[in-house]
Amino acid sequence: MFGWKSVLSKNKTGFLLFFIISVVLAGVIRWRGAGTGLGIGDILLVCWYGSEPVVEFTLRSVLEIPGIWFFLHCYLYAAILFYPQHKLYQSDIVTIRMKSRRAWWKDIVLWLAGSECVYYGLFLLAVVLVNLDQAGTGWRPHAAGLLPGFEEAFPGISSFGFEQGYGIFWIRVLLMPVLIGITLGLFQLTLSLYIGFEWSILVSFSYFLVSLYKEDWWLIGNGTMLVRSELASYPHQTLRIFLMCGGIILLSVWLGYWKLSRMDILQRRRS
């Protein structure tokens, strides 16, 4: 059965590794911004700034990707790939026989969502710990022009005016990474029931990759790019992507259960 104890026990090594990587990443950003007065919100802005959509496709434009944004999404995607597959096809066959498929699918979905929340919570904890001495100056990012040397330390990244407040910023850096991670994880997991594990990775990750180059409401990767948000004059972008993620999650959960309830799991495991 699902429980936070189960989530933590199955991922202890992965959680620890990701926390160490997050501390190093936040530390490097802090080091690069040394002397600028970088705060917690500013580190999150650097991580989730993203990039402008590609207007003209060239080799250079294709290869120029927002490195930190891309790395974080890749790690959060890869970290939850394998255990659900193992639980579906490689273990606990007696449990599958004894309990309802509905309860079995629910456990897998909740485990995936819970793991994603813990992973991202550890990243946020690392950012706070690395920059704890600056917490007294406020957690919000500095508005454009109020952090001398920021753009020199981080070429290609600019802050925003925040004339409408900081609500969109916090939704984008606190909620959307988890929501998009869960969405992609469930999308891939459900696809694997229909087209196999390898093809499901190819299709789901390709869908995510398109977000690097194109801005549109149906490409959920845009949901964590601050430079493609309302802060940069992309109206209603956050709400549209939020609804898109909700739709994919609901459809994935339903289609996954529908397929699992009709699947000969023992036969699939042998094949």
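Quantities reported herein were computed from a predicted structural model and do not represent experimental measurements. (Residues numbered from 1 in each chain as written. Predicted model: local features only at pLDDT ≥ 70, side-chain atom pairs only at ≥ 80, totals over all residues. Heavy atoms only, no water.)

Enquirer: Just give me the short version of unusual backbone geometry, but keep the residues and values in it.
Expert: Of note, Phe-162 is a non-glycine position whose phi angle comes to about 55 degrees, a positive value. In this fold, Phe-162 is placed in the loop between α9 (150–153) and α10 (167–195). On the basis of relative accessible area, Phe-162 is assigned to the buried category, the value being 7%. The backbone of His-236 sits at a positive phi, close to 60 degrees, despite the residue not being glycine. Of note, His-236 is situated in the loop between α11 (197–209) and α12 (237–261). Residue classification places His-236 among the exposed positions, given a relative accessible area of 51%. (Helix = DSSP H or I, 4+ residues; strand = E, 2+ residues; numbered from the N terminus. Buried < 20%, exposed > 50% of the residue type's maximum accessible area, 1.4 Å probe, protein only.)

Enquirer: Before we move on, could you go through the side chain of Ser-204 and cite the residues and values that matter?
Expert: Structurally, the position occupied by Ser-204 is in helix α11. The exposure class of Ser-204 is buried, given its relative accessible area of 0%. Among all residues touching Ser-204, those that are not within four sequence positions of it are Tyr-77, Leu-184, Phe-187, Gln-188 and Leu-191. (Contact = heavy atoms within 4.5 Å.)

Enquirer: Tell me about the packing of aromatic side chains, and name the residues and values.
Expert: We describe a pair of aromatic rings using the distance from one ring centre to the other and the angle between the two ring planes. Counted by the stated rule, this structure contains 19 aromatic pairs. A centroid spacing of 4.9 Å and a plane angle of 75 degrees characterise the contact between Phe-169 and Trp-170, whose relative ring orientation is edge-to-face. Taking the relative accessible area as the measure of exposure, Phe-169 reaches 0% and is therefore buried. Relative accessible area serves as the criterion here: at 23%, Trp-170 is assigned to the partly exposed category. One aromatic cluster is present, built from ring pairs that chain together Tyr-49, Phe-160, Phe-162, Tyr-166, Phe-169 and Trp-170. (Phe/Tyr/Trp six-rings, centres within 6.5 Å; stacked < 30°, edge-to-face > 60°.)

Enquirer: Run through the nonpolar core, naming residues and quoting values.
Expert: Formed by 73 residues in total, the largest nonpolar core has its most connected members in Ile-29, Leu-45, Trp-48, Phe-123, Phe-150, Phe-154 and Ile-220. Listed by contribution, the elements that provide at least two residues to this core are α2 (12–32), α3 (40–47), α5 (67–78), α8 (101–130), α9, α10, α11 and α12. The element that contributes the greatest number of residues to this core is α8, accounting for 14 residues. Contacts of Trp-48, omitting those with residues within four sequence positions, involve Trp-69, Leu-72, His-73, Tyr-120, Phe-123, Val-173, Pro-177, Thr-224, Met-225 and Leu-226. (Core = buried A, V, L, I, M, F, W, Y, C linked by side-chain atoms within 4.5 Å.)

Enquirer: An account of α3 is requested, with residue identities and associated values reported.
Expert: For α3, the buried fraction is high: 8 of the 8 residues fall into the buried class. Where α3 is buried, its residues touch α2, α5, α8, α9 and α10.

Enquirer: So, the packing of α2 against α5: which residues are in play, and what are the values?
Expert: Between α2 and α5, whose axes approach to 12 Å, the crossing angle comes to 175 degrees. Here α2 lies roughly antiparallel to α5, going by the angle between them. Mapping the contact onto sequence places Gly-14, Leu-17, Phe-18, Ile-21, Leu-25 and Ile-29 in α2 and Ile-68, Phe-71, Leu-72, Tyr-75 and Leu-76 in α5. Taken together, the residues of the contact of α2 with α5 sort by class into 10 nonpolar, 1 polar and no charged. (Axes fitted to C-alpha atoms, helices over the stretch in contact; angles between N-to-C directions. Parallel < 35°, antiparallel > 145°, perpendicular 65-115°, else oblique. Nonpolar A, V, L, I, M, F, W, Y, C, P; charged D, E, K, R; others polar.)

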